Structure formats: structure tokens, C-alpha cells
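A closer look at the structure
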Amino acid sequence: MDSSEPHELHLSGGQPPGGPRTPANSREVCEIRALATALAAALGGLLLLNFSPALELALFARGAAHLAGLFSGTSVLRATDGWLLPSPDLPVVVTTACSATDFFLMVAGLISWQLTRRGKPPVRALLAGLLTALPLAIFINSLRVVTVTQAHRWFIPLLPEAYGPFLHLLTGAAIFPPSLIALNLLLEFHGRRQLPIRA
């Protein structure tokens, strides 16, 4: 018998050239696809902001300022470089530097990553991530604005003036990272039973 016959019989069995695909390999492919979708969502959001820079002030900063005004019962006025929340202690102006667009990109990437891991098509996951991240980022940023306003009213004036910028930055660090962690835990817990094992 020709020695090539067993090899031909093996190929006729329909096995992939690299052998059968294991669940571990399928999960790895799924994770890579999810990571690529998350990066694409963040890049898409960044391109959107670069093509429409007015969104930082007209949408992100304005939305956060108006929500913060609603939460704190303060009127919101248009200022030269942003949106003003008047206060007898220290007026707060929400500018493009306070728009939290970086946080928006991180949330979009996180949501897109989690949705893709749960089996959503990458394009749908990307669009859902961007659309969902927009109101979430504005809402979380409005909480930061309220926190900054109250900190300037009750806490920051008690410390030397040189500590003001650092405490302002620290307030954002106390709001944004915990929000990302909480969102990730929520998505992880909700999608734990739906995590696919597929190519």
C-alpha cells in the first residue's frame, strides 16, 4: 500500500490544518476581537472629536454644566470660555478642559469591549459603546462638577491656596476611576453567563 494513503484519509476527515479548534483557542480569538473593537471605538470617538471640536464645549461641557446646575439647584450662565455656575463662594466655569472627553473615550472602549465579549457583532458593539458612553460621561462629569463646587465651598478654603489645583485634580481622580471600575463590574456581572466561546 502506498504510504501516502493514511495521510489522504486523515485529510478527508475535515480537520483544520492546525488541528481541532479548542475552547481555549476560541476564547482567545474572542478576546482579541473584543480588544480590537474597544480600540476602534476609542479611535472612532477621537476622530469624531477631532473633526467636530465644538462638541467638547457645546455638548460635553454644556451638558455636564446643566446637569450639575440641576443637581445643585443653581442656574447656568454662558461665559466667554464655557458655562458658569454662579456661587457666592467661588463661581465654577465648565470649559473644554472640564469636558471629560478622555473619560468618554475610555467608557466607549470599555462598553464596546464588554459587549463584544458577550457575542455582540463588533460593529453593533462599537456603535452601542459610543452612543451609551455619551450620556454616561456627561452624567459622571456633572457629578464631578458638583463635587468640585461643594469642595470649594466647604473644604478647599480651609487649606493653603497652593493646594487648590491639586485638590481640584484629586476630585476628578476620586470620581472617574471608581466610576470606570463600577461600570466594568456591572457589565462583567451582568454578562457573566452570556460570555461566548466562539471563533
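Our subject in this report is the structure included herewith. (Residues numbered from 1 in each chain as written. Predicted model: local features only at pLDDT ≥ 70, side-chain atom pairs only at ≥ 80, totals over all residues. Heavy atoms only, no water.)

1. Things to note about the environment of Leu167
Put simply, the rule reads: Here a strand is any run of E in DSSP of at least two residues, a helix any run of H or I of at least four, and the numbering for each starts at the N terminus. Only heavy atoms enter the contact rule, under which two residues are in contact if any of them lie within 4.5 Å.
Inspection of the secondary structure puts Leu167 in helix H6 (residues 164–190). Sequence separation of Leu167 and Val148 is 19 residues, and the distance between their C-alpha atoms is 8.8 Å. Setting aside chain neighbours within four positions, we find Leu167 in contact with Phe155, Ile156 and Leu159.

2. Considering the packing of aromatic side chains
Basically, it comes down to this: Aromatic contacts are taken between Phe, Tyr and Trp rings whose centres are within 6.5 Å, Trp giving its six-membered ring; a plane angle under 30 degrees counts as stacked, one over 60 as edge-to-face, and the others as tilted. For a ring to carry a charge above it, either NZ of a lysine or CZ of an arginine must fall within 6 Å of the ring centroid while also lying within 35 degrees of the normal to the ring plane.
Enumeration over the complete set of coordinates arrives at three aromatic pairs. For the cation-ring pair, Arg78 lies above Trp83, with the distance from its terminal atom to the ring centre recorded as 4.8 Å. The positively charged end of Arg117 is found above the aromatic ring belonging to Trp113, 4.8 Å away from the centroid.

3. What to know about unusual backbone geometry
Positive phi values are uncommon outside glycine, yet Ala100 reaches one of about 60°. Mapped onto the fold, Ala100 is located in the loop between strand E3 (92–94) and helix H4 (101–117).

4. Here we look at H4
Selection criterion: How far a helix is expected to stretch is found by multiplying one less than its residue total by 1.5 Å. Relative accessible area decides the class of each residue, using a 1.4 Å probe on protein chains only: under 20% of the type maximum gives buried, over 50% gives exposed, and in between gives partly exposed.
Between its first and last C-alpha, H4 extends 24 Å over 17 residues, near the 24 Å set by a 1.5 Å rise per residue. For H4, the buried fraction is high: 14 of the 17 residues fall into the buried class. Following H4 by one or two positions, Gly119 adopts a phi angle in the positive range, close to 100°.

5. Looking at the side chain of Gln114
Going by this rule: Counted as a polar contact is a pair of N or O atoms within 3.5 Å, where, for protein atoms, one must be capable of donating a hydrogen and the other of accepting one, and residues adjacent in sequence contribute only when both atoms are in side chains.
Note that Gln114 resides in helix H4. Given the relative accessible area of 2%, Gln114 is considered buried. Looking at Gln114, its side chain comes within polar contact range of the side chain of Glu188, at 2.9 Å. Apart from the residues lying within four places of it in its own chain, the contact partners of Gln114 are Asn184, Leu187 and Glu188.

6. Quick look at the nonpolar core
Test applied: Definition used in this section: a nonpolar core is a set of buried Ala, Val, Leu, Ile, Met, Phe, Trp, Tyr and Cys residues joined via side-chain atoms within 4.5 Å.
In this structure, Phe103, Phe104, Val107, Ile111, Phe176 and Leu183 are the most contacted members of the largest nonpolar core, which totals 24 residues. Secondary-structure elements contributing two or more residues to this core are helix H2 (23–51), H4, helix H5 (122–154) and H6. With eight residues, H4 is the single largest residue contributor to this core. Contacts of Ile111, omitting those with residues within four sequence positions, involve Gly129, Thr132, Ala133, Leu136, Leu183 and Leu187. By size, the runner-up hydrophobic cluster in this structure holds eleven residues, among which are Leu57, Ala61, Leu85 and Val146.

7. Observations concerning a nonpolar patch on the surface
Rules: Like charges are joined within 9 Å and nonpolar side chains (Val, Leu, Ile, Met, Phe, Trp, Tyr) within 5 Å, but only among residues with over 30% relative accessible area and no salt bridge; these make up the patches. A 1.4 Å probe and the Shrake-Rupley method give the accessible areas. Residues count as covered only by the protein chains that appear here. By definition, a salt bridge exists where a carboxyl oxygen of Asp or Glu is found within 4 Å of a side-chain nitrogen of Lys or Arg.
A grouping of Trp154, Phe155, Leu158, Leu159, Tyr163, Phe166 and Leu170 is seen on the molecular surface, where their side chains present a nonpolar patch of about 800 Å² in accessible area. Here Trp154 is to be found in helix H5.

8. Points about the packing of helix H3 (residues 55–72) against H5
For clarity, the cut-off: Only C-alpha atoms enter the line fits that serve as axes; for helices the fit covers just the stretch in contact. Angles between N-to-C directions range over 0 to 180 degrees. In these notes the angle categories are as follows: under 35 degrees is roughly parallel, over 145 is roughly antiparallel, 65 to 115 is roughly perpendicular, and the rest is oblique. A clockwise turn of the near helix away from the far one marks a right-handed crossing, whereas an anticlockwise turn of less than a right angle marks a left-handed crossing. Here the term charged refers only to Asp, Glu, Lys and Arg, the term nonpolar to Ala, Val, Leu, Ile, Met, Phe, Trp, Tyr, Cys and Pro, and the term polar to all other amino acids, Gly among them.
Between H3 and H5, the least distance of the axes is 8 Å, while the angle of their chain directions is 55°. In this view, H3 runs oblique relative to H5, as classed from their interaxial angle. Where H3 crosses over H5, the handedness of that crossing is right-handed. Here Leu59, Phe60, Gly63, Ala64, Leu67, Ala68 and Phe71 of H3 lie close against H5, whose contacting residues are Leu134, Ile138, Phe139, Asn141, Ser142, Leu143, Val145 and Val146. A breakdown of the residues in the contact of H3 with H5 according to their chemical character gives twelve nonpolar, three polar and no charged.

9. As for the pattern of salt bridges
Within the structure shown, the criterion is met by two salt bridges. Here Arg117 and Glu31 are joined by a salt bridge, their closest N and O atoms 3.0 Å apart. Placement of Arg117 in helix H4 and of Glu31 in helix H2 is noted, with a sequence separation of 86 residues between them. You can call Arg117 buried: its relative accessible area is 8%. The exposure class assigned to Glu31 is partly exposed, which follows from its relative accessible area of 26%. With a closest N to O distance of 3.1 Å, Glu188 and Arg117 form a salt bridge. Linking Glu188 in helix H6 with Arg117 in helix H4, this pair joins segments that are 71 residues apart in sequence. Of the residues examined, Glu188 reaches a relative accessible area of 28% and is grouped as partly exposed. Linked through salt bridges whose partners overlap, the residues forming this network are Glu31, Arg117 and Glu188.

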